[in-house]
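Examining the three-dimensional arrangement
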Amino acid sequence: MAFDVSYALDGTVAVIEIPERLDAGCSNELKEKINTVVNESIYNIVIDLSKTNFIDSSGLGALVSKISVCKANGGDIKLASPGKRVFEILQITHLDKVLNYYHDLEEAVNSFESG
């Protein structure tokens, strides 16, 4: 399963598009993709959840796998467009308090411009 990566704001923000399911079957691939982006010294990451309707604990782990590295380097990992089911899981696990989330991709990307 491929995770599409694009770049915004002159290459300072990586946008990773997540498929319909983020589970044990693909969470390691997402961790590797995030690691690749971080190794390119890009610490501003937006996870696009607009197509995602299921996420399990391994998927949640992948989302937060490099958050401390990003924050230590002045960046962050932010979520864009979490659907109702995904947002409920974020609330249950209290990750909605750890990860900033935005209603759409543009808003998430632009949040890096304003700090």
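A few points on the structure. As the structure is a computational prediction, the values presented were derived from the model and not from experiment.

Thoughts on the pattern of salt bridges
Evaluated as defined, the whole model comprises 3 salt bridges. Its salt-bridge partner being D23, residue R21 comes within 3.0 Å of it at the nearest N-O pair. You can call R21 partly exposed: its relative accessible area is 42%. Taking the relative accessible area as the measure of exposure, D23 reaches 14% and is therefore buried.

Looking at unusual backbone geometry
Although it is not a glycine, L9 adopts a positive phi angle of roughly 50°. Note on placement: L9 falls in the loop between strand 1 (4–8) and strand 2 (13–17). Take L9: its relative accessible area is 25%, and that puts it in the partly exposed class.

Structural notes on the sheet that holds strand 4 (residues 44–48)
Read from one edge of the open sheet, 5 strands run 1-2-4-6-7, paired in mixed fashion. With one partner strand each, in any of the chains shown, strand 1 and strand 7 (100–102) form the two edges of the open sheet. Going from strand to strand, the sheet's axes swing by 25° on average, the running direction of each strand aside. Where strand 6 (residues 76–80) meets strand 7, 3 bridges bridge the pair, whose relative direction is parallel.

Here we look at the nonpolar core
The tendency in soluble globular proteins is for nonpolar side chains to be buried as a group. Core analysis: the largest hydrophobic core is formed by 28 residues, its most contacted members being I16, I18, L22, L30, I45, I47 and L63. Ignoring any residue separated from it by four or fewer positions in sequence, one finds I47 in contact with I16, I18, I34, L63, I77, K78, L79 and A80. Within the second largest apolar cluster, 9 residues are counted, among which are V13, V15, V46 and Y102.

Re the pairing of strand 1
The pairing of strand 1 with strand 2 spans 5 bridges and is classified as antiparallel. Paired with D4 across the bridge in strand 2 is E17.

Focus on the environment of S27
Positionally, S27 belongs in helix 1 (residues 27–39). The spatial distance from the C-alpha of S27 to the C-alpha of L60 is 8.4 Å, given a sequence separation of 33 residues. Setting aside its immediate chain neighbours within four residues, S27 contacts L22, S58, G59 and A62.

Some remarks on helix 1
Between the first and last C-alpha of helix 1 there are 18 Å, a value that for 13 residues agrees with the 18 Å anticipated at 1.5 Å per step. For helix 1, every residue scored as buried is listed here: S27, L30, I34, V37 and V38. On an axial view of helix 1, the arc spanned by its buried residues comes to 100°, and they lie on one face. Exposed residues lying more than 90 degrees from the buried face of helix 1 are E32 and N39. Among the structural elements, strand 1, strand 2, strand 3 (21–22), strand 4, helix 2 (57–63) and helix 3 (67–72) are those in contact with the buried residues of helix 1. Downstream of helix 1 by one or two residues, S41 has phi in the positive range, about 65°.

The rules behind these values
- Residues numbered from 1 in each chain as written.
- Predicted model: local features only at pLDDT ≥ 70, side-chain atom pairs only at ≥ 80, totals over all residues.
- Heavy atoms only, no water.
- Salt bridge = Lys/Arg side-chain N within 4 Å of Asp/Glu carboxyl O.
- Buried < 20%, exposed > 50% of the residue type's maximum accessible area, 1.4 Å probe, protein only.
- Helix = DSSP H or I, 4+ residues; strand = E, 2+ residues; numbered from the N terminus.
- Pairing = 2+ DSSP bridges.
- Axes fitted to C-alpha atoms, helices over the stretch in contact; angles between N-to-C directions.
- Core = buried A, V, L, I, M, F, W, Y, C linked by side-chain atoms within 4.5 Å.
- Contact = heavy atoms within 4.5 Å.
- Expected span 1.5 Å × (residues − 1).
- Arc of directions from axis to C-beta.

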